[in-house]
Amino acid sequence: MHTADAAADADATASRAANTATATATATATATTATGSVATATASAPAATGSAPTATPTTTASVPASAPAATGSAPTATPTTTASVPASAPAATGSATASVATGGVAAPGPLLPRPRAAGRPRFPLVATDLDGTLLRGDLTVSPRTRAALARVRAAGARHLVVTGRPAASCREFLVAIGYRGLAVCGQGAQLYDASADRLLVSASLDRELARSVVERAEEALGAGPLELAVVTAAPENRFLVTARFTDRMRPEWGRVEREELWAAPIEKVLMRHRTVQDELVAAAVERAGAGEVAVTHSEKGMIEVLPAGTDKAAGLRLAADRMGFTPAETIAFGDMPNDIPLLGWAGYGVAMGNAHPDLLAVADEVAPSHEEDGVAVVLERLFSHA
């Protein structure tokens, strides 16, 4: 997925990351210590389904925001409680391997799940990415896919969106398909209650650490500066870009000098290089981060830096625990390397026909592409008796 169109695709990604919202709620979140250990603070907040584990201390906080945060919690010297933020704009690891038919549908085999004629569905939790998976290229959900999701609900199963988009940029898509309940947003850093239009979990990235990682990555690449953008933390939640980050500046974005990116708390860093391949940029950032941050390749022309421990598996695990589902009860669909943890946690992982080679390599099945209603094709087979 590397072409001369990377700049345009990166602009589209930046636009989605920049969508804003207002927010208020109480929440649970995990916070990472300076030594890499994880501390959990559990807050009293109405959840869409299930209930959160209560073995840890209870803390409440409220943060007004113009948009929900896009990332997980930052490494700090002491555990940090993440505030839940009520949003006016919302937003979706045991592993198994099997041979896949690149670009097509894998032939039925021993690992291919079949529908159950009666009783509990084989996979009562259906987790899907949005872009490149559930959404077509025009950012719509096809009538066939809508009908397949209706079958899922009729069978008593649940659909869980697990997306890299921040909650603020998901609302229009969730509303369009009549989505209810929890959604995992911001690459797993956010837990969003779509029914109540509330952000339950959100966190920020240590900006000094992020700046250091960027500088070390640039030095390692030796190809000039990276083009950068950040999503600032609540309550401001602005999308700030450097001059050459995009060729299509939007009025609501802020264009700033490089040093100004680090002037206020941030949720995540987005970066791109106009001549260096995404995989090389991601590898350099991974080495520079040395485990202190999470790095993911979310779309063509876009690498994201997030707090350590942030990925879609972490967000899916949190949501599934609240909803009462296990990995073995979960089927997951995705298309990009940031979906590898998602498919890895689920009992059965499906890559779209348009998926990145790295995801195809770990999938249990390859569905038709998102333009060919690949998600619907698989769900129709599994829920044929609904």
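Residues numbered from 1 in each chain as written. Predicted model: local features only at pLDDT ≥ 70, side-chain atom pairs only at ≥ 80, totals over all residues. Heavy atoms only, no water.

Asks: Would you mind going over the sheet that holds strand β10 (residues 227-232) with me for this structure?
Replies: To summarise the sheet geometry, strands pair through backbone hydrogen bonds and adopt either a parallel or an antiparallel arrangement. Taken in spatial order, the 6 strands of this open sheet run β12-β11-β10-β13-β15-β14, and their pairing is mixed. Both edges of this open sheet fall to β12 (254-255) and β14 (293-299), since each of them pairs with a single strand only. Alignment of β14 against strand β15 (residues 302-307), held across 6 bridges, turns out to be antiparallel. Bridge assignment links A294 to a residue of β15, and that residue is L306. Sheet strands touched by helix α5 (residues 207-221): β10, β13 (266-272) and β14. Its angle to β13, the strand with the most contacts, is close to 10°. Against the sheet, helix α6 (residues 278-289) engages β13, β14 and β15, with an angle of about 170° to β14. (Pairing = 2+ DSSP bridges. Helix = DSSP H or I, 4+ residues; strand = E, 2+ residues; numbered from the N terminus. Contact = heavy atoms within 4.5 Å. Axes fitted to C-alpha atoms, helices over the stretch in contact; angles between N-to-C directions.)

Asks: Help me out: how do you make sense of the pattern of salt bridges in this one?
Replies: Side chains that differ in sign of charge can pair as their charged atoms come close. In this structure the tally under the stated criterion is 13 salt bridges. Ionic pairing is found between D197 and R171, a salt bridge with its closest N-O pair at 3.9 Å. Separated by 26 residues along the polypeptide, D197 in the loop between β8 (190-193) and β9 (198-201) and R171 in helix α4 (residues 171-176) bring together distant segments of the chain. One salt bridge connects D247 with R274, and the closest N-O pair in it is separated by 3.2 Å. Taken as a pair, D247 in the loop between β11 (239-241) and β12 and R274 in the loop between β13 and α6 lie far apart in primary sequence, 27 residues in all. A network of salt bridges, in which partner residues are shared, links D129, K312 and D339. (Salt bridge = Lys/Arg side-chain N within 4 Å of Asp/Glu carboxyl O.)

Asks: Could you clarify how one ought to interpret unusual backbone geometry in this entry?
Replies: Here A290, not a glycine, exhibits a phi torsion of approximately 45°, which is positive. Inspection of the secondary structure puts A290 in the loop between α6 and β14.

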